[in-house]
Amino acid sequence: MNVPGLTLSLLMMSCAVVQNANAQGLISGDILANEINKTVNDVGWSFIQNEYNKVGYQEMRTDGEILVQEISDKISERMKEVNSALTSLKSAVESYKLSSDDVPQDCCIDGMYQPNFRFRTDVSLEMFCYSKPSYVTGNNFKYISNNVMDVMKTNLNKKSLQFQYISLKSGLYFNYPATLLTDCESYDPRFRPFYASTTKSKPRDVVVALEMSASMRGDKFVKAKQATFTVMETLSIHDRFGIVVFNNKAYTKDGCYENQLVPLTQTTKDSLQKFLNSLEGKSSANYTEAVQKAFVYFKTSTDGENRDQILLFVSDGSNDGGDPLEVIRDENQQLNNRVFIHTFGIGTGLTGLDNELLKNMTEQTLNDNNYGYIKRGKFVRVTDLTYLREAMGTFYDDSNIPITDIPTYTMPYKDFFTNESIITACLPFALNGVFEGVVCADVLLSELVAEILYLKQGEFSYAFVMDGEERTLVHPLIPDPRDVNAKEQDIINIYNFETSGDVHEVIWSMKKGFKGFKSLDITVVETRGQKYLDGDTHQIVKAIYHWTPIVASGSNYSVCLVMKLNNTEFSIIDQPQPIAGEFLYHRWDLMGKDWPGPFCRHFKRYATKGNSTVKLTPDAFIEPYQYTGIKETQVTVQQYKEYLSGERSINPGLKVSAIKSIRLTFPLEEFWKTKSQNEAPYVIWRYIATEDGIVRVYPGVRLTDDYDQKLRPWYHRALANKGRNVLLAPYTDRWGAGTVITITRAISIGKKQIIEGALGTDFSIYYFHQKLQDLYPICANKIKYTCIVIDDSGFLVMHPYFIETKSSTTPTDIPQVHITHMEGKISRSLISNGIMYRQPCRDTENKKEQFTYRVNLPISHQGGKVDSTEGYEIRPVTGSNVFLILKTKDRSENNEDRCCSEEKSPLVQYNVEIIHARAFVSKS
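Remember, it's a predicted structure, so these values are computed and weren't measured experimentally. Per-chain numbering applies: the sequence of each chain, read as written, is numbered from 1 onward. Only residues with pLDDT of 70 or above have their local features reported here, since the model is predicted, and side-chain atom pairs are shown and tallied only from 80 upward, although totals for entire chains, interfaces and linings are computed over all residues. No hydrogens and no water enter the side-chain calculation; it runs on all heavy atoms of the structure.

Only DSSP runs of H or I with at least four residues qualify as helices, and only runs of E with at least two residues qualify as strands; both kinds are numbered from the N terminus onward. For the protein chain, the count of helices and strands is 27 helices and 43 strands. By the burial criterion, 55% of the 924 residues in the protein chain qualify as buried. Here, two residues are considered to be in contact whenever any of their heavy atoms come within 4.5 Å of each other. Restricting the contact set of the protein chain to residue pairs at least 6 apart, pairs at least 24 apart contribute 71%. Carbon together with sulfur atoms contributes 50% to the accessible area of the protein chain, which is approximately 39300 Å² in total. Only protein chains enter the calculation, and the probe is 1.4 Å; a residue is then buried if its accessible area is under 20% of its type maximum, exposed if over 50%, and partly exposed in between. The Shrake-Rupley method, run with a 1.4 Å probe sphere, supplies the accessible areas, and residue values consider only the shown protein chains as cover.

So, about the pattern of salt bridges. Note on definitions: salt bridges are taken to be side-chain nitrogens of Lys or Arg within 4 Å of carboxyl oxygens of Asp or Glu. Counted under the stated rule, the structure contains 43 salt bridges. Notably, a salt bridge pairs D405 with K90, separated by 2.8 Å at the nearest N-O pair. Of this pair, D405 sits in the loop between helix 12 (388-393) and strand 16 (408-409) while K90 is found in helix 4 (residues 64-96), placing the two residues 315 residues apart along the sequence. Here E363 ties to K359 by a salt bridge, and the two come within 2.7 Å at their closest N and O atoms. Taken together, the residues span about one helical turn, with E363 and K359 both in helix 11 (residues 352-363) at a distance of 4 residues. On the basis of relative accessibility, which here comes to 40%, the residue K359 falls in the partly exposed class. Connected through shared salt-bridge partners, R587, D589, E632, R702 and D705 make up one network.

Our next topic: the state of the cysteines. The criterion for a disulfide is a pair of cysteine sulfur atoms lying within 2.5 Å. Following the criterion strictly, the structure yields 4 disulfides and no others. The disulfide bridge from C107 ends at C129, spanning 2.1 Å between sulfur atoms. With the S-S bond torsion at 95°, the cross-link from C107 to C129 turns out right-handed. With a gap of 22 residues between them, C107 in the loop between strand 2 (105-106) and strand 3 (114-116) and C129 in strand 5 (residues 129-131) connect regions that are remote in the sequence.

One finds I166, F174, L210, F241, V449 and I452 to be the most contacted residues of the largest nonpolar core, which totals 116 residues. At 11 residues, helix 4 tops the list of elements feeding residues into this core. When neighbours within four sequence positions are excluded, F241 is seen to be in contact with V206, V208, T228, V231, M232, L235, L261, V262, L264 and L272. We define a nonpolar core as any set of buried Ala, Val, Leu, Ile, Met, Phe, Trp, Tyr and Cys residues linked to one another through side-chain atoms lying within 4.5 Å. In this structure, V683, I688, L727 and I790 belong to the second largest nonpolar core, which totals 62 residues.

A cavity here means a set of 1 Å grid points, computed over protein atoms only, where a 1.4 Å probe fits but cannot escape. A pocket is an open set with protein on both sides within 12 Å along at least 5 of 7 lines, and lining residues have an atom within 4 Å of a point. Grid points are joined across faces, edges and corners, and a volume is the space filled by probe spheres set on the points. Overall, the coordinates contain 3 cavities of 30 Å³ or more when judged by the stated rule. Estimated volume of the largest cavity: approximately 60 Å³. Forming the boundary of the largest cavity are L32, E35, I36, T39, Y682, I743, F763, Y767, F768 and K771. For the lining of the largest cavity, the secondary structure elements donating two or more residues are helix 2 (29-42) and helix 23 (765-775). Looking at which element gives the most residues to the lining of the largest cavity, the answer is helix 2, with 4 residues.

The next subject is the packing of aromatic side chains. Stacked, tilted and edge-to-face are the three classes assigned to paired rings of Phe, Tyr and Trp, where Trp is represented by its six-membered ring and a pair needs centres within 6.5 Å; plane angles under 30 degrees give stacked, over 60 edge-to-face, the rest tilted. Evaluation of the coordinates by the stated rule reveals 28 aromatic pairs. Ring centres 5.9 Å apart and planes at 75° place the aromatic pair F763 and Y767 in the edge-to-face group. A residue is classified by how much of its surface remains accessible, and Y767, at 23% relative accessible area, is partly exposed. For a lysine, the NZ atom is tested; for an arginine, the CZ atom; a charge sits over a ring if that atom is within 6 Å of the ring centre and within 35 degrees of the ring normal. The aromatic ring of F117 is capped on one face by R120, whose charged end is 5.9 Å from the ring centroid. In this structure, R745 packs its charged tip against the face of W45, placed 4.0 Å from the ring centre.

Let us now look at the confidence of the model for the protein chain. Reading predicted coordinates in detail is not appropriate for stretches of low pLDDT. The pLDDT value expresses, per residue, how confident the predictor is, ranging between 0 and 100. Here the protein chain shows a mean pLDDT of 86. Residues at 70 or above account for 89%. Taken element by element, the protein chain is modelled with least confidence in strand 43 (residues 920-923), mean pLDDT 28, and with most confidence in helix 2, mean pLDDT 97. Note that pLDDT drops below 50 for residues 1-23; the model gives that stretch 3 contacts with residues more than four away or on any other chain. In this model, residues 899-924 is a region of pLDDT below 50 whose contacts with residues beyond four sequence positions or in other chains number 69 contacts.

Take the sheet that holds strand 3 next. Should DSSP find at least two bridges between two strands, the strands are regarded as paired. Strand order in this open sheet of 3 strands is 3-4-8, and the pairing throughout is antiparallel. Since the sheet does not close on itself, it has two edges, and those belong to strand 3 and strand 8 (178-179), each with one partner. Bridge analysis of strand 3 against strand 4 (residues 121-124) gives 3 bridges, and the strand direction is antiparallel. Pairing of N116 across the sheet is with T121, part of strand 4.

Another point: the sheet that holds strand 40 (residues 865-867). Strand pairs in the sheet, formed through backbone hydrogen bonds, run parallel or antiparallel to each other. As summarised here, the arrangement of the 5 strands in space is 37-36-42-41-40, forming an open sheet in which the pairing is antiparallel. The sheet terminates laterally at strand 37 (796-798) and strand 40, the two strands that pair on one side only. When the angles between neighbouring strand axes are averaged without regard to direction, this sheet yields 25°. Sheet topology note: the strand 36 (residues 785-791)/strand 37 ladder contains 2 bridges and is antiparallel. Paired with V789 across the two strands is M798, which belongs to strand 37. Throughout, an axis means a line fitted to C-alpha atoms (over the contacting stretch in the case of helices), and angles, computed between N-to-C directions, take values from 0 to 180 degrees.

This part is about unusual backbone geometry. With an omega dihedral of -5°, the bond running from Y176 to P177 counts as a cis peptide bond. Its place among the elements puts P177 in the loop between strand 7 (173-176) and strand 8. In this chain, Y698 is followed by P699 through a cis amide linkage whose omega measures -5°. Mapped onto the fold, P699 is located in the loop between strand 30 (694-698) and strand 31 (700-701). Its identity as a non-glycine residue notwithstanding, S283 has a phi of 65°, on the positive side. Tracing the sequence through the fold places S283 in the loop between helix 8 (266-277) and helix 9 (287-300).

What follows deals with the pairing of strand 10 (residues 240-246). Along strand 10, 7 of the 7 residues are buried, which leaves the element largely enclosed by surrounding structure. Side chains R240, G242, V244 and F246 project from strand 10 onto one buried face, and the interleaved F241, I243 and V245 project onto a second face that is buried too. Strand direction decides the pairing type here: strand 9 (residues 204-211) and strand 10, joined by 7 bridges, are parallel. Bridge pairing links A209 to V244 in strand 10. Crossover handedness is defined by viewing with both strands directed away from the observer: a clockwise path from the first strand over the helix to the second marks the crossover as right-handed. Each parallel crossover has a hand, and the one from strand 9 via helix 7 (residues 219-234) to strand 10 is right-handed. In this sheet, strand 12 (residues 262-263) lies alongside strand 10 in antiparallel orientation, the contact comprising 2 bridges. From the neighbouring strand, R240 faces strand 12, where its bridge partner is P263. Two strands pair when backbone bridges link them, and strand 10 and strand 11 (residues 250-251) are joined in this way by 2 bridges, in the antiparallel orientation.

The contact between helix 3 (residues 45-54) and helix 21 (residues 667-679) brings their axes to 10 Å, and the two run at 160°. What the angle tells us is that helix 3 and helix 21 run roughly antiparallel. Here helix 3 runs over helix 21; the crossing is right-handed. Contact residues: helix 3 offers F47, I48 and E51, while helix 21 offers P667, L668 and F671. We call Asp, Glu, Lys and Arg charged. Ala, Val, Leu, Ile, Met, Phe, Trp, Tyr, Cys and Pro are nonpolar, and the rest, Gly among them, are polar. A per-class count over the contact of helix 3 with helix 21 returns 5 nonpolar, no polar and 1 charged. Angle categories are assigned with fixed cut-offs, so that under 35 degrees is roughly parallel, over 145 is roughly antiparallel, 65 to 115 is roughly perpendicular, and the rest are oblique. It is the rotation of the near helix from the far one that decides the hand of a crossing: anticlockwise by less than a right angle makes it left-handed, clockwise makes it right-handed.

This part covers the packing of helix 7 against helix 8. Relative orientation of the contacting elements helix 7 and helix 8 amounts to 170°, with a least axis distance of 11 Å. The angle between helix 7 and helix 8 places the two elements in the roughly antiparallel class. Across the interface between the two elements, K225, T228, F229, M232 and E233 from helix 7 touch K269, L272, Q273, L276 and N277 from helix 8. Its residues placed into classes, the contact of helix 7 with helix 8 shows 4 nonpolar, 3 polar and 3 charged.

Written out as structure tokens, the structure reads:
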């Protein structure tokens, strides 16, 4: 017998067995899947799903034509209320004039203000306040009277109105109700879009020609740039803008800014400001070069004959070029003399000839009226540079402002106090027949279009509002106007959001103010959770568009309802009977002695373990608009309670479906108090939220007044992952429970699995960490192994980083961490094996091509994959959105493995901020 040969054979067999064992792996995702299922069921998912399975329901076909008209009518009515309020205020100002000598409360000095729910800040409803910029001087000011304030008080009966204000052409500003404002010394209402847009009958094309010769160095060039920035601030989204800078030659910003005017979005403003700030003065000044370049903008402007075209020319004198008057004549006569020219001579060095030339440029002295009426501008000499900002910022001619009763509306922008999206409506007013200023009111966009935000007509239904110039106010792909964390939206053309081939016929009809309907095959884009972390999904749907104009003074808006063809709405037909104790409203501060015991501290919140509490969101009401922004009182809470118990016959506005949801979810309370407490004592909160605006929480606790599950990531993710258990990345619980993880799952009805709501629970990350070690003892061997859990977007749900990192961060400081940041080798392997890949996502907010990641095991690796080269294995956690990774530690590891850097993987090119907070790759 050849013993050495036998030994070799056995050794080879042993190696083969080891390799096969490695291929099989050391862990199974099924163990964690079973534990997650158990947790979800222990907090009541199967229990409540069975309750919903028992109910009967009916389908009802949606009449899109009727529904879109109802939405339009309600928005129209609110706009008419705004117009009525402004007309009353305008009439009061014109009647009582500026008749008071009493100096009102200064808006920049804190007063006797009280918190106000409607205005989201401290105010006084008994007074108004005023401000004026520091460069507006004098002691002979007259102020509005209390008679005018009384009208503004009465206007508060119009629910959609927020702050009201009066802005004068002198720079004075009156605000009601009085509140503490900031930056009063520099704030000038005349430079704000709401004021400037009211002072014109046509949109504007504005070009600033700014000298940057050697003589302009220092304070002159700094102040001239600041004044140019002010001009940019006065322009609305309707207007267009361009900049020419010149010394002995003329320059413009390159790219799309070089020969064409641009609308002033935040992006274009930032780009132009960066361009100006990069320049410094040198050489001499050639006026003809500057004027020639400026007219290139006007000549290439589309629809220029229907716009006010204005050149603002800024110089400190000493033209070293040819005759600019000849250029003005030759260029402007080609445009029928339609361009206004205003000149600004700055500093103390201008000669008499310099002043004369700048004045002649405004009068266009060589031009011929036979080519068109010459629109003469104004020459302003500014020796004190402090006043240059005011001079340029008020370039428009207010003597020709039409005193109309048709309000103007701004595009949506972020309100300083609420950080929600608002629009401002204004009317001009006159004193003694001469324009004197504007009266304005802010309107919360979320209240104006409430029916759109709370639309519930099927899984793929949505609505949008656009104006006659293709600008979008509301659309599902624009951040929700209630979202206080979203940025202001720059990209607003409707074609960025509605991209189906034949949709241009719909848009054209809406622009013209027509109504109609059309069937289209469209791609519906829906978020998978948080758009910029999880991306979106696309689904092709045969849809029908119904659109109609929003008829109101000052409105060129139209609303469009998009639904799946033959759309049906599902509703529960069973009538659950009232049960004692089914409704304990969360407002314990309004319940007094009616709040049941025991009343205790649950972490940092007052709570009761004897009951669950219910929160009503606007979706629970027949008219959501009537609920938003209203401060609840003891009376309203008592009305809810009495109606639900049968003691009151008058409905306080609740939907029938919301009442059914209260009763259908109530059995969960007993389940949570008994079986769930025994089976899952480790969970911190248990909650359920429904599409009908009901939120039920245990232990019973007060929620914030503005809590709405439809604005929360946990609810979005549950609905986007229908039929799966969804784990969310760790975050700091705002109620004192430390770092927690959420599990949530959608609840549905009927064979079509129509979403009715979602159930969720929270538990400590330390519990989850320990549970992993209990389920997988190999995870406890921290010397050799690391256990990691990631979601299907690649974000870490569990990683030693979360356990090892000790921080005193506030709740908002904990970012979501992507695997590409912490595990470079594994990330590269997942990418190269097609398990993790980039998915395009439409980033309309940041105007970039965005990619988020997807994690999905291909058919060849459905059960998982073992990568012995990189030392890890990944397993699917069946029935959930997560994957389990076991990493074999390499003693040679160092921090270079932490980041999937551009040198190591050209597919991932992040800066540190993006790695930590948003896992996407973007291209400008």
